[in-house]
Amino acid sequence: MTNSQQKPASKTLAIPAEAGERLVLGEISPAEFLGIPRERLYEIATRGHELLVTGKLKDALEIFKGLVAASPHDSVFHCNLAAVYAHLEQYPEAMEEYTRAIELNIGNVDALVGRSELFLRENRLVEALQDIKSVLKYDPEGKRENTRRARATLASLQSAAAESSKS
């Protein structure tokens, strides 16, 4: 065969059997299997967050669903997916994703704050206060905006409790 008669290169990706086995066993994520660097996933997450804050919730939902599928053990992606669900008023889904984010990283302050707010919506004060207590433990200096929001919520609850005890 001459150079002009060569077959076109195959578009099929050769996947080592070991990588496929590790994926099936849950030892690597789909993103790792596909060779998508963590930095790229976080670039996509940044875009998803931009969509969330600009109100393009359906687009943000698709991005974070995809990121959770690609990297199911990343607490941040679950937390962001939960935030989208909360904005869409899909509270059971939001609660599930916040809880999964916390299971993956007990110190995920954003997930703890989000879940505490959902607990408050359900009048589950004890659970909400437990999450707020954890927030203050993991971010005692209040460096994160969500920690400051949790502190404000706690102050409001304390004020309401003080007012009701006067009655």
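Attention in this report is confined to the structure presented alongside it. Quick caveat: nothing in here was measured; it's all calculated off a predicted structure.

1. What about the overall build of the protein chain?
At step 1: Along the backbone of the protein chain there are nine helices and zero strands.
At step 2: When the elements of the protein chain are put in sequence order from the N terminus, they spell out α-α-α-α-α-α-α-α-α.
At step 3: A total of 167 residues make up the protein chain; the buried ones form 34% of that total.
At step 4: Across the protein chain, every contact between residues at least 6 apart in sequence was considered, and the portion connecting residues at least 24 apart equals 42%.

2. A word on the pattern of salt bridges
At step 1: Inspection of every chain in the model, using the stated rule, returns twelve salt bridges.
At step 2: The shortest N-O distance in the salt bridge between Glu43 and Arg40 comes to 3.1 Å. Here Glu43 pairs with Arg40, and both are found in helix α3 (residues 38-53), just three residues apart, close to one helical turn.
At step 3: Here the residues in one salt-bridge network are Glu122, Arg124 and Glu127, joined through shared partners.

3. Side note on the nonpolar core
At step 1: Among the nonpolar cores identified, the biggest contains 36 residues, and Leu67 and Tyr98 are the most heavily contacted of them.
At step 2: When residues of this core are traced back to their parent elements, those giving at least two are α3, α4 (57-70), α5 (75-87), α6 (91-104), α7 (109-121), α8 (125-138) and α9 (145-166).
At step 3: Those residues in contact with Leu67 that lie beyond four places of it in its chain are Leu41, Ile44, Ala45 and Phe77.

4. Re the packing of aromatic side chains
At step 1: Counted under the stated rule, the structure contains one aromatic pair.
At step 2: Here Tyr42 and Phe77 contribute two aromatic rings whose centre-to-centre distance is 5.0 Å and whose plane-to-plane angle is 40 degrees, an arrangement assigned as tilted. Here the residue Tyr42 occupies a position in helix α3, and Phe77 occupies one in helix α5, the gap between them amounting to 35 residues.
At step 3: Exposure remark for Tyr42: the relative accessible area of 26% places this residue in the partly exposed category.
At step 4: In this structure, Arg121 packs its charged tip against the face of Tyr91, placed 3.8 Å from the ring centre.

5. Considerations on unusual backbone geometry
Negative phi values dominate among residues other than glycine, just as trans dominates among peptide bonds.
At step 1: Backbone geometry at Glu89 places phi at a positive 60 degrees, although glycine is not the residue there.
At step 2: Among the secondary structure elements, Glu89 is positioned in the loop between α5 and α6.
At step 3: Of the residues examined, Glu89 reaches a relative accessible area of 57% and is grouped as exposed.
At step 4: Of note in the backbone geometry, Asn123 takes a positive phi value of approximately 60 degrees without being a glycine.
At step 5: Its location among the elements puts Asn123 in the loop between α7 and α8.

6. Comments concerning the layout of surface pockets
At step 1: In this model, the largest pocket occupies a volume close to 560 Å³.
At step 2: Around the largest pocket, the lining comprises 21 residues; the ones closest to its centre are Cys79, Asn80, Ala83, Asp110 and Asn146.
At step 3: Considering every element that reaches the lining of the largest pocket, the biggest residue donor is α5, with six residues.
At step 4: A per-class count over the lining of the largest pocket returns nine nonpolar, seven polar and five charged.

7. Some words on the side chain of Asn108
At step 1: With respect to the helices, strands and loops of the structure, Asn108 is situated in the loop between α6 and α7.
At step 2: On the accessibility criterion, Asn108 (7% relative accessible area) is buried.
At step 3: Those residues in contact with Asn108 that sit more than four places away from it in its chain are Ser75, Val76, Cys79 and Ala101.

Parameters at a glance
Residues numbered from 1 in each chain as written. Predicted model: local features only at pLDDT ≥ 70, side-chain atom pairs only at ≥ 80, totals over all residues. Heavy atoms only, no water. Helix = DSSP H or I, 4+ residues; strand = E, 2+ residues; numbered from the N terminus. Buried < 20%, exposed > 50% of the residue type's maximum accessible area, 1.4 Å probe, protein only. Contact = heavy atoms within 4.5 Å. Salt bridge = Lys/Arg side-chain N within 4 Å of Asp/Glu carboxyl O. Core = buried A, V, L, I, M, F, W, Y, C linked by side-chain atoms within 4.5 Å. Phe/Tyr/Trp six-rings, centres within 6.5 Å; stacked < 30°, edge-to-face > 60°. Lys NZ or Arg CZ within 6 Å of the ring centre and 35° of its normal. 1 Å grid on protein atoms, 1.4 Å probe; cavity = no way out; pocket = protein on both sides within 12 Å on 5 of 7 lines; lining within 4 Å. Points joined across faces, edges and corners; volume = space filled by probe spheres on them. Nonpolar A, V, L, I, M, F, W, Y, C, P; charged D, E, K, R; others polar.

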